[in-house]
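Chain by chain, the residues run as shown.
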Amino acid sequence: MKKSAIALSLLLFASVLIFSGCVKKTTEDPCGGKGVLSVENKLDSAISVKVVQTHNTMSVEKDYSLPFLLAGNQPYTLTIDGPRYHKDTTFMILYCDNKLFVVTK
């Protein structure tokens with residue numbers, strides 16, 4: 001009886017050790033999976049900046065910069081409109097990116 005209890009205990013302990021190594025371990029993305037794209041306006045008037053994927057439109061005044069915190073590892077399309085100015089451009093934002101886009105004529 002004692003031998004079977006010891007054998008059962010060892011078997012239970014071994015199975016716990018074997019299956020504890022099978023647990024899926026997750027790692028977090030660097031910088032929380034985010035990147036920053038800053039848009040700086042060097043035109044003579046205010047512009048509107050639309051990030052198409054997030055449906056977010058912001059106004060950037062003359063000589064100011066506006067940062068957008070975006071999810072990393074994704075492409076983003078910007079539509080920039082101002083007086084006598086229109087531009088569509090696409091950026092790939094990676095984790096921990098800190099990109100600057102300067103709007104000039």
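Residues numbered from 1 in each chain as written. Predicted model: local features only at pLDDT ≥ 70, side-chain atom pairs only at ≥ 80, totals over all residues. Heavy atoms only, no water.

A. Representation of the packing of aromatic side chains within the structure. Overall, the coordinates contain 1 aromatic pair when judged by the stated rule. For the ring pair Phe 91 and Phe 101, a centre distance of 5.2 Å and an interplane angle of 75° mean the geometry is edge-to-face. In this pair, Phe 91 sits in strand β6 (residues 85–93) while Phe 101 sits in strand β7 (residues 98–103), placing the two residues 10 residues apart along the sequence. Grouping residues by exposure puts Phe 91 and Phe 101 together as buried. (Phe/Tyr/Trp six-rings, centres within 6.5 Å; stacked < 30°, edge-to-face > 60°. Helix = DSSP H or I, 4+ residues; strand = E, 2+ residues; numbered from the N terminus. Buried < 20%, exposed > 50% of the residue type's maximum accessible area, 1.4 Å probe, protein only.)

B. View of the sheet that holds strand β3 (residues 56–60). Reading across from one edge, β3-β2-β5-β6 is the order of the 4 strands in this open sheet, with antiparallel pairing throughout. Unpaired on one side and paired on the other, β3 and β6 mark the two borders of the sheet. Within this sheet the neighbouring strands show an average axis-to-axis angle of 20°, counted without direction. Sheet topology places strand β2 (residues 47–51) next to β3; 5 bridges connect them, and they run antiparallel. (Pairing = 2+ DSSP bridges. Axes fitted to C-alpha atoms, helices over the stretch in contact; angles between N-to-C directions.)

C. Looking closely at the state of the cysteines. Within this structure, the stated rule accounts for 1 disulfide. Disulfide pairing places Cys 31 opposite Cys 96 at an S-S distance of 1.9 Å. Taking the torsion about the S-S bond as the criterion, the Cys 31 to Cys 96 disulfide, at about 105°, is right-handed. Residue Cys 31 is found in the loop between α1 (2–20) and β1 (34–41), and its partner Cys 96 is found in the loop between β6 and β7; the two are separated by 65 residues along the sequence. (Disulfide = S-S within 2.5 Å.)

D. Focus on the nonpolar core. Grouped together as the largest cluster of nonpolar side chains are 18 residues, with contacts concentrated most on Val 49, Leu 78, Ile 80 and Val 103. For this core, the secondary-structure elements that each account for two or more residues are β1, β2, β4 (65–71), β5 (74–82), β6 and β7. Non-local contacts of Ile 80, meaning those with residues more than four positions away in its chain, are made with Ile 47, Ser 48, Val 49, Tyr 85, His 86, Lys 87, Phe 101 and Val 103. (Core = buried A, V, L, I, M, F, W, Y, C linked by side-chain atoms within 4.5 Å. Contact = heavy atoms within 4.5 Å.)

E. Structural detail: the sheet that holds β1. As summarised here, the arrangement of the 3 strands in space is β4-β1-β7, forming an open sheet in which the pairing is mixed. The open sheet is flanked by β4 and β7, the only strands paired with a single partner. Mean inter-strand twist for the sheet, computed between neighbouring axes without regard to direction, equals 20°. With 7 bridges joining them, β1 and β4 adopt antiparallel strand pairing. Residue pairing for β4: Gly 35 is matched across the bridge by Leu 70.

F. Fine view of the pattern of salt bridges. A full pass over the atoms with the stated rule returns 2 salt bridges. For Glu 40, the salt bridge is made with Lys 42, and the minimal N-O distance between the two is 3.2 Å. When its relative accessible area of 19% is taken as the criterion, Glu 40 is described as buried. (Salt bridge = Lys/Arg side-chain N within 4 Å of Asp/Glu carboxyl O.)

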